[in-house]
Amino acid sequence: MADSRNKLSENLISRSVTDCLKRHVQHGQALTVAYSGGLDSTVLLHVLKDSAADLGVILSSIHVHHGLSANADAWAAHCERSCAQLGVELHVARVRVAPVHGEGVEAAARAMRLQALLADSAHWVAMAHHADDQAETVMHNLLRGTGPRGAAAIPEVRGRVLRPLLQVTRASLLAYAKLHDLKWIEDESNTDRRYTRNFLRHEVLPGIERRFPQAAMQLSAAARRFGESQELLDQLALLDLGADHFSFPVALHCLRQLPELRARNAVRALLSNQGVQLPGERRLNEFVRQVRMAANDRHPTLQVGTYMLWVAAGALHFKTQP
């Protein structure tokens, strides 16, 4: 019975990965796996070894060495051995994590990791986020008071980043790894409940799943629907701005002729497409109200961390700042 379940997990994972590649990656393109050496990326790399070859995709991998753990060198060595056994090229990228503007080490490490991955890859980057990660992200963002964009959580594709395992649970990944006798590392920080995601992973989600066994998959499905809603809101924002892409500056009359709700939606979309974190709802709403109602001799300004919005010469402007 266990062997049967493991084979079902293997088929589900292989199909999910292959279907994702068929949707997005063309024959002859390069794909780099973000390989931490943990369970999730170990399974992804193992599956992609065959799927990429079958589809004519050029496969390589990258391990980002943060140096945050005393075990970091051992993890890099493990990844080198594993990739050598698979016959997959590996690059170890060493980065220095330096939090800025009050962000935590966890957020800074994620940002540096993504920067290193994109810099190293010739084309696509595959990351091993799965349905449980999606569920944790949905809960985390909802508890922070997010809107549809945050509730949409982790998309299958964003820019050059692919996530082929979003329809797969961690339990299925574990079954696959045991079936193929794979070896992986355990990052000790993954059990530290001081980090919000770990708290949700180890304390909250298991309790929910005892009552709702399909909670991870249902939350993942909800994220897809939130994503579709957000896409429609972005399309509405472009129509309201009379544009085919989001960019600054924006003529004030575009925002002033809109109902306030749609003006706020347009500003959120403009900021989100700059890749910056949105200000709190109260601050954003008040700024949009000022932009729409201020007299011509007034110049509302909103400064948030690494960027600034301001009104000048009949337009809304944006700039990043150190």
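Residues numbered from 1 in each chain as written. Predicted model: local features only at pLDDT ≥ 70, side-chain atom pairs only at ≥ 80, totals over all residues. Heavy atoms only, no water.

Caption draft 1: Spatial organisation of the nonpolar core. Counting 30 residues, the largest nonpolar core has Ile-13, Leu-31, Val-43 and Leu-48 as its most contacted members. Listing elements by their share of this core, those giving two or more residues are α1 (2–24), β1 (30–34), α2 (39–54), α3 (72–86), β4 (124–126) and α7 (170–179). For this core, the element with the highest residue contribution is α2, accounting for 7 residues. If we skip the residues at most four places from it in the chain, Leu-31 touches Leu-21, Leu-48, Val-57, Ile-58, Leu-59, Ser-60, Trp-124, Val-125, Ala-126 and Leu-162. Counting 28 residues, the second-largest nonpolar core is a separate cluster that includes Ala-237, Phe-246, Leu-258 and Val-304. (Core = buried A, V, L, I, M, F, W, Y, C linked by side-chain atoms within 4.5 Å. Buried < 20%, exposed > 50% of the residue type's maximum accessible area, 1.4 Å probe, protein only. Helix = DSSP H or I, 4+ residues; strand = E, 2+ residues; numbered from the N terminus. Contact = heavy atoms within 4.5 Å.)

Caption draft 2: Representation of the packing of α2 against α7 in the model. Remark: α2 packs on α7, axes separated minimally by 10 Å, with the N-to-C direction vectors making an angle of 60 degrees. With respect to each other, α2 and α7 are oriented oblique. Seen from above, α2 lies across α7 with left-handed handedness. On α7, the residues that touch Leu-39, Asp-40, Val-43, His-46 and Val-47 of α2 are Arg-170, Leu-173, Leu-174, Tyr-176 and Ala-177. (Axes fitted to C-alpha atoms, helices over the stretch in contact; angles between N-to-C directions. Parallel < 35°, antiparallel > 145°, perpendicular 65-115°, else oblique. Left-handed = near helix turned anticlockwise from the far one by under 90°.)

Caption draft 3: Focus on the packing of aromatic side chains. Taken as a whole and assessed by the stated rule, the structure comprises 2 aromatic pairs. Both rings, one in Phe-248 and one in Phe-318, keep their centres 5.2 Å apart while their planes meet at 20 degrees; by these two values the pair is stacked. You can see Phe-248 sitting in the loop between α9 (215–241) and β7 (250–251) and its partner Phe-318 sitting in strand β10 (residues 315–320), a full 70 residues away along the chain. Since its relative accessible area comes to 17%, Phe-248 is described here as buried. Phe-318 gets classed as buried once you look at its relative accessible area, which sits at 14%. Sitting over the face of the ring of Trp-310, Lys-319 holds its NZ or CZ atom 5.7 Å from the ring centroid. (Phe/Tyr/Trp six-rings, centres within 6.5 Å; stacked < 30°, edge-to-face > 60°. Lys NZ or Arg CZ within 6 Å of the ring centre and 35° of its normal.)

Caption draft 4: The packing of helix α5 (residues 131–143) against helix α8 (residues 196–211), seen in detail. Interaxial distance between α5 and α8 falls to 10 Å at its minimum, and their mutual angle equals 105 degrees. Accordingly, the angle class assigned to the pair α5 and α8 is roughly perpendicular. Contact with α5, carried on its side by Asp-132, Asp-133, Ala-135, Glu-136, Thr-137, Met-139, His-140 and Leu-143, involves Thr-196, Arg-197, Leu-200, Arg-201, Val-204, Leu-205, Ile-208 and Glu-209 of α8 and no other residues of that element. Considered class by class, the residues forming the contact of α5 with α8 number 7 nonpolar, 3 polar and 6 charged. (Nonpolar A, V, L, I, M, F, W, Y, C, P; charged D, E, K, R; others polar.)

Caption draft 5: Just the side chain of Ser-41, in detail. Locating Ser-41 in the fold gives a position in helix α2. On the accessibility criterion, Ser-41 (4% relative accessible area) is buried. In terms of polar contacts, Ser-41 uses its side chain to reach the backbone amide nitrogen of Ser-36, at 3.1 Å. The residues contacting Ser-41, other than those within four sequence positions of it, are Ala-34, Tyr-35, Ser-36 and Ala-128. (Polar contact = N/O pair within 3.5 Å; in protein donor to acceptor, adjacent residues only side chain to side chain.)

Caption draft 6: Just the sheet that holds β4, in detail. Ordered in space as β3-β2-β1-β4-β6-β5, the 6 strands form an open sheet in which the pairing is mixed. Two strands close off the open sheet at either side, each with one partner strand: β3 (89–94) and β5 (157–158). In this structure, β4 lies alongside strand β6 (residues 161–162), joined through 2 bridges in parallel fashion. Residue pairing in the sheet places Ala-126 in a bridge with Leu-162 of β6. Running at roughly 170 degrees to strand β2 (residues 58–65), α3 makes contact with β2 and β3 of the sheet. (Pairing = 2+ DSSP bridges.)

Caption draft 7: Looking closely at α3. With 15 residues, α3 should cover 21 Å at 1.5 Å per step; its first-to-last C-alpha distance of 21 Å lies within 8% of that length. Three or more residues of α3 are buried, namely Ala-72, Trp-75, Ala-76, His-78, Cys-79, Ser-82 and Cys-83. One side of α3 holds all its buried residues, which, seen down the axis, span an arc of 155 degrees. When the buried face of α3 is taken as reference, the exposed residues oriented beyond 90 degrees from it are Asp-73, Ala-84 and Gln-85. (Expected span 1.5 Å × (residues − 1). Arc of directions from axis to C-beta.)

Caption draft 8: Looking closely at α7. Regarding α7, the residues found buried are Ser-172, Leu-173, Ala-175, Tyr-176 and Ala-177. Note on α7: the residue one or two positions beyond its end, Asp-181, has a positive phi of about 55 degrees.

Caption draft 9: The sheet that holds strand β8 (residues 301–304), seen in detail. Spatial strand order, β7-β10-β9-β8: 4 strands in an open sheet with antiparallel pairing. Because the sheet does not close on itself, it has two edges, and the strands there are β7 and β8. Where β7 lies against β10, 2 bridges are found, and the strand directions are antiparallel. Residue pairing across strands places Ala-251 opposite Ala-315, the latter belonging to β10. Each of β8, β9 (307–312) and β10 touches helix α12 (residues 281–293); the most contacted strand, β8, lies at about 155 degrees to it.

Caption draft 10: Structural view of the pattern of salt bridges. Per the stated rule, a full pass over the model turns up 10 salt bridges. Residue Arg-201 pairs with Glu-136 through a salt bridge whose shortest N-O separation is 3.0 Å. Highlighted residues: Arg-201 in helix α8 and Glu-136 in helix α5, separated in sequence by 65 residues. Judged by relative accessible area, Glu-136 falls into the buried class, the value being 3%. Across the salt bridge formed by Glu-260 and Arg-292, the nearest N and O atoms sit 3.9 Å from each other. With a gap of 32 residues between them, Glu-260 in helix α11 (residues 260–272) and Arg-292 in helix α12 connect regions that are remote in the sequence. By relative accessible area, which is 17% here, Arg-292 ends up buried. Where salt bridges share partners, they join Glu-260, Arg-264 and Arg-292 into one cluster. (Salt bridge = Lys/Arg side-chain N within 4 Å of Asp/Glu carboxyl O.)

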